[in-house]
There are 2 protein chains.
Amino acid sequence: MNPLDRSKPTTGCPAHDAAPTPAEPAVTSAPRRKRDAAATRSALLAAATLRFAQDGYDHTSVRDIAADVGVNQALVYRYFGSKDALFEEVAAHSAGIASFLSAPLDAVADRMLRHLFQNERRPDGSALLAMLQSASHDETRQRLRELIRQDFTDTFATRLAGPEPELRAELLAAWLIGIGFLRSVVGTPALCSATAEQADRCVRRVTAALLYDHD
Amino acid sequence: MNPLDRSKPTTGCPAHDAAPTPAEPAVTSAPRRKRDAAATRSALLAAATLRFAQDGYDHTSVRDIAADVGVNQALVYRYFGSKDALFEEVAAHSAGIASFLSAPLDAVADRMLRHLFQNERRPDGSALLAMLQSASHDETRQRLRELIRQDFTDTFATRLAGPEPELRAELLAAWLIGIGFLRSVVGTPALCSATAEQADRCVRRVTAALLYDHD
DNA sequence: CGGATAAGTAATCCACCGTTGACTTCATCC
DNA sequence: GGATGAAGTCAACGGTGGATTACTTATCCG
C-alpha cells in the first residue's frame, strides 16, 4: 500500500543489514518469556532504539516495537506513557556521542575516527541515528540543537585558539553528522566501504585545519 | 493532539521564518483566482517544495499543500497522480545542487561558500532540504545516494590527485550536507548567524585539506 | 491452597490522511 | 445563448496508527 516502505534494501550498503520489518518471527518456538516488568521494559526500549534508528520516528509504529519484543502494544503505554515519551527516553541515551571531544586536542581526530568507523552499533550511536532520521520533529531538532550547542559551541569551542572558535566547532559537528548520515542512513559507496585506516590521513588533515589556526 | 507538530519555532534560528502551519488565511478576501491549470499546478509544486523542505514528507499532508494554494486537495491527484509522484517531482529539482563542483579546483571552495551561505532559498536548495528531512523514506535515500554518487564519487573524484579520491570526495559531500542540515534544519547558533566572510577562511582551509594531498 | 496484585492481552475508539469518483462551475466556441 | 469540456469542489471510503479501557493470567506470599 504505502509506496514508501523499505522493501528493497538491496542496494549494497554494508551498514544496513538487520532484517528490516519481519518483526522477529521467533522461530524454534517462543519459550514464553517469564513475566518480568523490568526486562520487558528494557527490551521495549532496545527494540524502539533500533527501530527509530533504522526507520525513523514516523515509520515506526508502537505496534512494530511491541511485536519485536513479542508483547502487546498496550505495554508501551503502561511503561512509557506515550510513543513520544518512549522516543524521548531513546534520545536521552544520545549523551556521550561527542565524548571524544574531551580528549586532548591532538587526539581528537583519532578518537573521532574510532567513533565513526569502528563501533557503529553502540546504543548512543543508534540514538543519534534515530534523531537524524526523525529530524522532521521539532522536539528532535531542539534536542539536537542543544546537544551540539552544549558539547561543541559552548564547551569545545573554548579550547580552540584563533578566530571564530564557535563556528569552527560547529563546522566539525557538521562534518561528523554528515559523515554519520551518509554512512549509516544514505549509504554512500566510498564512505560505506571505507576503513578507519583509509580515512585516517584525511580526517587528521581536515580536523587539523579546523582545530588549529596556524597559517 | 500530535505532540510533534511545529508549535514553537521561536528558538531563534534565522533560517526558520515562514509561518509553519496556519495555511495561508488569505485575508483581504481571496480574489478568486482565475482558472488556470498550469498556474495552479506550478503553485502546488511550489507549495509542496516549501512544505516538504520545512516539515518533511511525512509531516506534510496533501490537504496542507492544497490549502496553501487555496484549492481542493483532489487537484493534487489530478495534476500529479499521487503524493509520492508530487514528491518525486519536487526532488527532481534537486539537480544542480552540486553545480559548484564543475568549477576549477581552486575555485570550488569559493563557489561552495556562496552556495551555502548566500542564496539559501533557491528551489534546488529547498529540494535538497526536502530530501534530507524525508530521509526515512527508502526512495529518498536512494535518490540522495545516486545524487552523491554521480556528482561526487564518480565525477568529482576523478579530478582529485592523491590517495582515496572517492572517499575524499564523499567526505566533502558529507561536510556540505552536514552544514546544510545544521544550518537549515537543526538551526545551530554559530552556523545560523555566520556570514560567508566569517566562514571563508575556514572553508578554504578545510577544502584545501580535502582536495589537495600535498604534505 | 487461594486470594491479591502486577504483567500482559483483546478489543475498541478516534483522528488523520491518501485516494477516488461523482458532482458543480466557469470559460470558450459555434 | 447554449452545448462542451476542462477546472475545480464535495463527500466519502478504507486503512493506519496512537491511545484507552476492561478484561485475563501468571506469580508471589501468607
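Residues numbered from 1 in each chain as written. Chains lettered and ligands numbered in written order. Predicted model: local features only at pLDDT ≥ 70, side-chain atom pairs only at ≥ 80, totals over all residues. Heavy atoms only, no water.

Going by the annotation in an unreviewed UniProt entry, the name recorded for chain A is Transcriptional regulator, TetR family, with Goodfellowiella coeruleoviolacea given as the source organism.

### Examining the protein's contact with DNA strand D
Lining the immediate surroundings of DNA strand D are 23 residues, of which V62(A), R63(A), Y77(A), N72(B) and R78(B) lie closest. For DNA strand D, the backbone portion of the atoms within 4 Å of the protein, that is sugar and phosphate, comes to 55%. Taking R35(A), its side chain carries an N or O atom lying 2.9 Å from a base oxygen of DNA strand D. Between DNA strand D and the protein, one listed contact pairs a phosphate oxygen with a side-chain N or O atom of Y77(A) at 3.2 Å. Among the secondary structure elements, those contributing two or more residues to the surface near DNA strand D are α2 (62–69) and α3 (74–80) of chain A together with α1 (37–55) and α3 (74–80) of chain B. (Near = heavy atom within 4 Å. Polar contact = N/O pair within 3.5 Å; in protein donor to acceptor, adjacent residues only side chain to side chain. Helix = DSSP H or I, 4+ residues; strand = E, 2+ residues; numbered from the N terminus.)

### Examining the pattern of salt bridges
Enumeration over the complete set of coordinates arrives at 20 salt bridges over all chains. Note that E146(A) and R149(A) form a salt bridge whose closest N and O atoms lie 2.6 Å from each other. Taken as a pair, E146(A) and R149(A) lie in helix α7 (residues 138–155) at a separation of three residues, close to a single helical turn. R149(A) sits in the partly exposed class, given a relative accessible area of 25%. Where R149(B) meets D154(B), a salt bridge forms, and the shortest distance between an N and an O atom there is 2.3 Å. Members of the salt-bridge network, linked through shared partners, are D110(A), R114(A), D200(A) and R204(A). (Salt bridge = Lys/Arg side-chain N within 4 Å of Asp/Glu carboxyl O. Buried < 20%, exposed > 50% of the residue type's maximum accessible area, 1.4 Å probe, protein only.)

### Focus on the packing of helix α6 (residues 123–133) of chain A against helix α8 (residues 165–186) of chain A
A pair of packed helices is captured by two measures, namely the crossing angle of their axes and the spacing between those axes. Residue and element names in this part refer to chain A. Packing of α6 against α8 leaves a shortest axis separation of 11 Å and a crossing angle of 90°. By the angle class used here, α6 and α8 are roughly perpendicular. Every residue of α8 that contacts α6 at L129, L132 and Q133 is listed here: I177, G180, F181, S184 and V185. Here the contact of α6 with α8 is composed, by residue class, of five nonpolar, three polar and no charged. (Axes fitted to C-alpha atoms, helices over the stretch in contact; angles between N-to-C directions. Parallel < 35°, antiparallel > 145°, perpendicular 65-115°, else oblique. Contact = heavy atoms within 4.5 Å. Nonpolar A, V, L, I, M, F, W, Y, C, P; charged D, E, K, R; others polar.)

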